[in-house]
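Below, each chain spelled out in residue letters.
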There are 2 protein chains.
Amino acid sequence: MAKELKDLTKRSEDYSKWYNELVVKADLAEQSAVRGCMVIKPYGYAIWEKMQQTLDRMFKETGVQNAYFPLLIPKSFLCREAEHVEGFAKECAVVTHYRLKNDPEGNGVIVDPAARLEEELIVRPTSETIIWGTYKNWIHSYRDLPLLINQWANVMRWEMRTRMFLRTSEFLWQEGHCAHATAEESEKRTEQMINVYADFAEKYMAMPVIKGVKSANERFAGAVNTYTIEAMMQDGKALQSGTSHNLGQNFAKAFDVTFMNKENKPEYVWANSWGVSTRLMGALIMTHSDDNGLVLPPHLAPIQVVIIPIYKNNDQLAEISKAVNPIVDELKKLGVSVKYDDADNRRPGFKFADYELKGVPVRLAIGARDLENGTVEIMRRDTLEKETMALEGIAQRIVAELEDIQQSLFERALKLREAHTYRVESYDEFKNKIEGGGFFLCHWDGTPETEERIKEETKATIRCIPLDSEEEEGVCMVTGKPSKRRVVIARAY
Amino acid sequence: MAKELKDLTKRSEDYSKWYNELVVKADLAEQSAVRGCMVIKPYGYAIWEKMQQTLDRMFKETGVQNAYFPLLIPKSFLCREAEHVEGFAKECAVVTHYRLKNDPEGNGVIVDPAARLEEELIVRPTSETIIWGTYKNWIHSYRDLPLLINQWANVMRWEMRTRMFLRTSEFLWQEGHCAHATAEESEKRTEQMINVYADFAEKYMAMPVIKGVKSANERFAGAVNTYTIEAMMQDGKALQSGTSHNLGQNFAKAFDVTFMNKENKPEYVWANSWGVSTRLMGALIMTHSDDNGLVLPPHLAPIQVVIIPIYKNNDQLAEISKAVNPIVDELKKLGVSVKYDDADNRRPGFKFADYELKGVPVRLAIGARDLENGTVEIMRRDTLEKETMALEGIAQRIVAELEDIQQSLFERALKLREAHTYRVESYDEFKNKIEGGGFFLCHWDGTPETEERIKEETKATIRCIPLDSEEEEGVCMVTGKPSKRRVVIARAY
């Protein structure tokens, strides 16, 4: 492990390579035998589980319930909503047969040509179609509304170029699908969920985000409006971290889902959908980690504190353990996830490097001399700073330290974003500076043509129109046409 | 809802119809637009979530970690383990293409023939192959062992005849896949997990189970030994509720997974796998429910207590709420999941029937006269018995009542099983009695031929050789050949 750590590429050398290596070396995930699909390893999955549990609790606090809908979607369902099929149907896994049989020539098994499906089934790329096909039978009256449902599931999009967590053919996510009696209520829920995502990103991932609205080009296929949270990675690129879509009545119309309103008149149902995925794992890694490995915010770290004994013989270890055990108990009582690593098959230096690589927020090291002095050495993963502290009252101080790390990580990330956010007035200046990464606050004339031109010429896209942006008279940096507010433009993952 | 309840078929009329109706009427699940696949509705999913959370905690307490492996498995992987492919590969969803395109004739989308996969991918029916293909890179030395991993996932088996929860083409489950350095350790883990399942079934589902070993015929494809827990449903049929497989070195050999043992010699890894699925939902329903609807054991009920106010006007409701709110708070503090249903768009009688149908273990009803008397009416769902109790100290009594219901349900189910378990000596007697259902403890000569004959002639199968069975000299009821212990024979779901 020590050797592996030494081999980690530096961020300044090759950020992309650093990321790919770190995902593997920190035991988060690896490529599988199936093209574009990853295996999420136990340590990576433990972080994802913490994300899931937190989000699930936050959803339920807003009245959302979980359910489960089929993995496979009849091909004809995808075609019902015209824009949706344009945006989604193309690159996906298609099930055409339901049986294998022994190869008559003896080479294992082959697809049984007699078992061809009448209608092909698609492995869900997202579930609006199958869910709205189901809601038709659930919704009859305004009394059946709102319907606030979420699903934790795997989905597939046949991506040509994949990167672990950031873009994989199969990924894990949650997708919320709400049905409402009024446009206002649906819009309110759409905004509520982007706020839940932003809260989660900032309070748990320690990742500052910009909340905004997508341009028409970047909208979800079938939505009338898409909200997004956009985060800046350490290389200055944007990462879309969660989206919430106001679907208007598009899916209700496509699947003929109506309800009798309070005036006893039939009306199409109003819809929204919202999701985050294992992509958040990529965002987490690229927001905080450094050349020594992962840096995890305490609120999502599977192990928040590791305690490593330094000893020459079993007597010393016994002495140390006697002092450490009550601290472990106290930390557990305080809700801290702690590991006392007294395994004797790895040296302390080896352990230090390993837990650094894994991003454990706080490390305690305690040896015979510490015991004599009633002290312990504490190291913070975020700053790599060591300090000697009294053993007396250490548990309470660790709790405070964890909160401080959580806060510091957020502030460090916010500072980085602020330092790389630029108000730019001219397209020439933009084209010059975009190479260095960062968020650009620019005036844009609001047309898809200009948006397309920026993308083609600079590989940057309009990330969002920030919700908190102020009206400001200006002119589009590309065309000189009038503009009323600045948008965020950046290159993105 | 009241009408729907009245329509529920009685168990004595048609048990199978009763089950199918109850699943739908109690809002647990429904058929989807995709053949053989169900939608798990929020109320059904809430029960499954409670099962998941409990099992997940129990697994982790034994050292198991979660991970995630790909949904799709290359066809060639399935053929590596010869018995495994025989048992599994045939009826499954096969992905052959990765792209759709617009139909040139304008009829929606069609499969793009140019996007044919070089090797077909199978939607996992179980994950031994992809996981052992992965373990090859994870395991090198005895120090990497044991590997104790579980996955919560969806799987597909293309079933011809499906029933909700009991047998669906797609279902949700967990699959544990452990790797060990010795045969003994792997066998120990295999047994440990069937014990975990039995504990879960008995303590949470209140469902008595018989732990046993499967006959060779009924073993998992690729296993050297399969442990099972078998439960008796109310109609006397058996339901296999969980299995744990000792896989020997079969998968390690198939995927060439070796490790250097302590003597520094290469050796194949020892494996086991174990799983339970949404099938447990079917077992839960058919163990406890009655002609009025679901009966849920308190340990798995999403709502454990419902409180229904009976009032004539808003003043009365306000008075009742004032008395009820502190009880709700106290119950929540005691960890009880409670719902105060003061919705005014449904009458009390309607609510009573609905919560009965949904199996809420305890119902409180409180009206103006109760308030005057300082009492409340409490009804237990398991017995439908009502009692008037003092409001004073009601929360503590509810907690006791919930535990009593949990225990009573288990005992009632155990009694039913005991009353329908028969020691039978002659095959004629067996053939006579099997029509009435039940578990039959019989002597069997141990041959697959006899097992096959019993199955063909009576539709009954050897459910298991019970772990706690005592040695007993006897003769096979079919062939008269010698037998050393009785096995459990029954018709099964």
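From a predicted model like this one, the values you see are computed outputs, not experimental measurements. (Residues numbered from 1 in each chain as written. Chains lettered and ligands numbered in written order. Predicted model: local features only at pLDDT ≥ 70, side-chain atom pairs only at ≥ 80, totals over all residues. Heavy atoms only, no water.)

**Points about the overall build of chain A**
When helices and strands are counted, chain A shows 15 helices and 26 strands. Scaling as 2.2 N^0.38, a compact globule of 493 residues should have a C-alpha radius of gyration of about 23 Å, and chain A matches this with 26 Å. Relative to its full complement of 493 residues, chain A shows a buried share of 60%. Intrachain contacts of chain A at a sequence separation of at least 6 include 68% that bridge at least 24 residues. Put simply, chain A has 65 plus and 75 minus side-chain charges, and the middle of one group is 1 Å from the middle of the other. (Helix = DSSP H or I, 4+ residues; strand = E, 2+ residues; numbered from the N terminus. Rg over C-alpha atoms; globule rule 2.2 N^0.38 Å. Buried < 20%, exposed > 50% of the residue type's maximum accessible area, 1.4 Å probe, protein only. Contact = heavy atoms within 4.5 Å. Lys, Arg positive; Asp, Glu negative; His and termini not counted. Charge placed at Lys NZ, Arg CZ, Asp CG, Glu CD.)

**Focus on the packing of helix H3 (residues 42-61) of chain A against helix H7 (residues 183-203) of chain A**
Residue and element names in this part refer to chain A. Where H3 contacts H7, the two axes come as close as 11 Å, and the packing angle between them is 140°. Crossing handedness for the pair H3 and H7: right-handed. Contacts from Met 51, Thr 54, Leu 55, Met 58 and Phe 59 of H3 reach H7 at Met 193, Val 196, Tyr 197, Asp 199 and Phe 200. Considered class by class, the residues forming the contact of H3 with H7 number 8 nonpolar, 1 polar and 1 charged. (Axes fitted to C-alpha atoms, helices over the stretch in contact; angles between N-to-C directions. Left-handed = near helix turned anticlockwise from the far one by under 90°. Nonpolar A, V, L, I, M, F, W, Y, C, P; charged D, E, K, R; others polar.)

**Notes on helix H15 (residues 448-458) of chain B**
Residues and elements named next belong to chain B. Every buried residue of H15 is listed here: Thr 450, Glu 451, Ile 454 and Thr 458. Across the axial projection of H15, the buried residues extend over an arc of 105°, all falling on one side. Away from its buried face by more than 90 degrees, H15 exposes Glu 449 and Glu 456. Just beyond H15, the residue with positive phi is Lys 459, at close to 65°. (Arc of directions from axis to C-beta.)

**Comments concerning the sheet that holds strand S16 (residues 305-310) of chain B**
All names here are of chain B. One open sheet accounts for 5 strands, arranged S17-S16-S18-S19-S20; its pairing is mixed. The open sheet is flanked by strand S17 (338-340) and strand S20 (386-390), the only strands paired with a single partner. In this sheet, neighbouring strand axes are inclined to one another by 25° on average, regardless of whether the strands run parallel or antiparallel. Here strand S19 (residues 375-380) runs beside S20; their pairing, made up of 5 bridges, is antiparallel. Bridged to Ile 378 within S20 is Glu 387. (Pairing = 2+ DSSP bridges.)

**Some details on the interface of chain A and chain B**
Counting residues at the interface gives 65 residues for chain A, matched by 65 residues for chain B. Around 5100 Å² of area is buried between chain A and chain B when both sides are counted, 66% of it from carbon and sulfur atoms. Three residues, Pro42(A), Tyr68(A) and Leu100(A), lead the burial of chain A against chain B; their summed loss comes to 13% of the area buried on that side. Counting every contact that joins chain A to chain B gives 4 salt bridges. Linking Glu49(A) and Lys60(B) is a salt bridge whose minimum nitrogen-to-oxygen distance equals 3.1 Å. Linking chain A with chain B are 30 residue pairs in polar contact (both at pLDDT 80 or more), by the criterion used here. The biggest single contributor to the side of chain A that touches chain B is strand S5 (residues 91-102) of chain A, with 12 residues. (Buried area = accessible area lost by both parts, 1.4 Å probe. Salt bridge = Lys/Arg side-chain N within 4 Å of Asp/Glu carboxyl O. Polar contact = N/O pair within 3.5 Å; in protein donor to acceptor, adjacent residues only side chain to side chain.)

**Quick notes on the nonpolar core**
The biggest cluster of nonpolar side chains holds 229 residues, and the ones touching the most others in it are Trp132(A) and Trp132(B). Discounting chain neighbours no more than four positions away, the residues touching Trp132(A) are Cys178(A), Ala179(A), Phe251(A), Ala252(A), Phe255(A), Val257(A), Val269(A), Trp270(A) and Ala271(A). (Core = buried A, V, L, I, M, F, W, Y, C linked by side-chain atoms within 4.5 Å.)

**Some remarks on the relation of the copies chain A and chain B**
Relative to chain B, chain A is turned by 180° and slid 0.0 Å along the rotation axis, the superposed coordinates differing by an RMSD of 0.0 Å. Accordingly, the operation relating the two chain copies is best matched by a two-fold axis. Using C-alpha coordinates, one finds that chain A approaches the rotation axis most closely at Val95(A), a distance of 2.1 Å. A high fraction, 100%, of the interface residues of chain A reappear at the interface in chain B, so the copies pair face to face through one surface. (Least-squares fit on C-alpha atoms with pLDDT ≥ 70 in both.)

**Quick word on unusual backbone geometry**
Residue and element names in this part refer to chain A. Of the consecutive residues Leu 145 and Pro 146, the connecting peptide bond is found in the cis state with omega at -5°. Here the phi dihedral of Ala 206 falls at roughly 55°; this positive angle occurs in a residue that is not glycine. Its place among the elements puts Ala 206 in the loop between H7 and strand S10 (210-213). Positive phi outside glycine occurs at Lys 459, with the angle close to 65°. Its location among the elements puts Lys 459 in the loop between helix H15 (448-458) and strand S23 (461-466). Accessibility expressed as a relative area gives 66% for Lys 459, which makes it exposed.

**Here we look at the pattern of salt bridges**
Residues and elements named next belong to chain A. Inspection of the entire model under this criterion finds 60 salt bridges over all chains. Where Arg 57 meets Glu 61, a salt bridge forms, and the shortest distance between an N and an O atom there is 3.3 Å. Separated by 4 residues within a single helix, Arg 57 and Glu 61 lie in helix H3, roughly one turn from each other. The network of salt bridges with common partners includes Asp 341, Arg 346, Lys 351, Asp 354 and Lys 358.

**Brief notes about the packing of aromatic side chains**
For the structure shown, the criterion picks out 34 aromatic pairs over all chains. Summarising the aromatic geometry, the rings of Phe59(B) and Trp274(B) are spaced 5.2 Å apart at their centres and angled 65° between planes, so their arrangement reads as edge-to-face. Separated by 215 residues along the polypeptide, Phe59(B) in helix H3 (residues 42-61) and Trp274(B) in strand S15 (residues 270-277) bring together distant segments of the chain. Centre to centre, the rings of Phe200(B) and Tyr204(B) are 5.8 Å apart; their planes meet at 20°, and the pair counts as stacked. What links up through ring pairs into an aromatic cluster is the set Trp48(A), Phe59(A), Trp152(A), Tyr197(A) and Trp274(A). Taking NZ or CZ as reference, Arg363(A) lies 3.7 Å from the ring centre of Phe352(A), over its face. (Phe/Tyr/Trp six-rings, centres within 6.5 Å; stacked < 30°, edge-to-face > 60°. Lys NZ or Arg CZ within 6 Å of the ring centre and 35° of its normal.)

**A look at the sheet that holds strand S12 (residues 238-248) of chain A**
All names here are of chain A. The 11 strands are arranged S3-S8-S9-S15-S12-S11-S10-S23-S26-S22-S21 in an open sheet whose pairing can be described as mixed. Every interior strand has two partners, whereas the edge strands, strand S3 (65-66) and strand S21 (421-423), have only one. Across the sheet, helix H13 (residues 394-419) is in contact with S10, strand S11 (225-232), S21 and strand S22 (439-443); its angle to S21 comes to roughly 30°.

**A look at the pairing of S16(B)**
It is a general feature of regular strands that their side chains alternate between the two faces of the sheet. Residue and element names in this part refer to chain B. Among the 6 residues in S16, 5 count as buried, and that is most of the element. With 3 bridges joining them, S16 and S17 adopt parallel strand pairing. If you follow Ile 307 over to S17, its bridge partner there is Tyr 340. Taking the sense of rotation as the criterion, the β-α-β connection linking S16, helix H10 (residues 314-333) and S17 turns out right-handed. Both S16 and strand S18 (residues 362-367) contribute to a ladder of 6 bridges, which runs parallel. Note that in S18 the partner of Ile 308 across the bridge is Ala 365. (Right-handed = clockwise from strand over helix to strand, strands pointing away.)

**Notes on H3(B)**
Given 3.6 residues per helical turn, the α-helix brings residues three or four places apart onto the same face. Taking 1.5 Å per residue as the helical rise, H3(B) with its 20 residues ought to reach 28 Å, and the 28 Å between its terminal C-alpha atoms agrees with that figure. Counting buried positions along H3(B) gives 14 out of 20 residues, so the element sits mostly inside the fold. (Expected span 1.5 Å × (residues − 1).)

**With respect to the pairing of strand S7 (residues 116-123) of chain A**
Sheet topology places strand S4 (residues 72-74) of chain A next to S7(A); 3 bridges connect them, and they run antiparallel. Bridging across to S7(A), Ile73(A) finds its partner in Ile122(A).

**Examining the confidence of the model for chain A**
Residues at a pLDDT of 70 or more form 98% of chain A, whose mean pLDDT is 95. ipTM for the predicted complex: 0.96, alongside a pTM of 0.97. (pLDDT = per-residue confidence, 0-100.)

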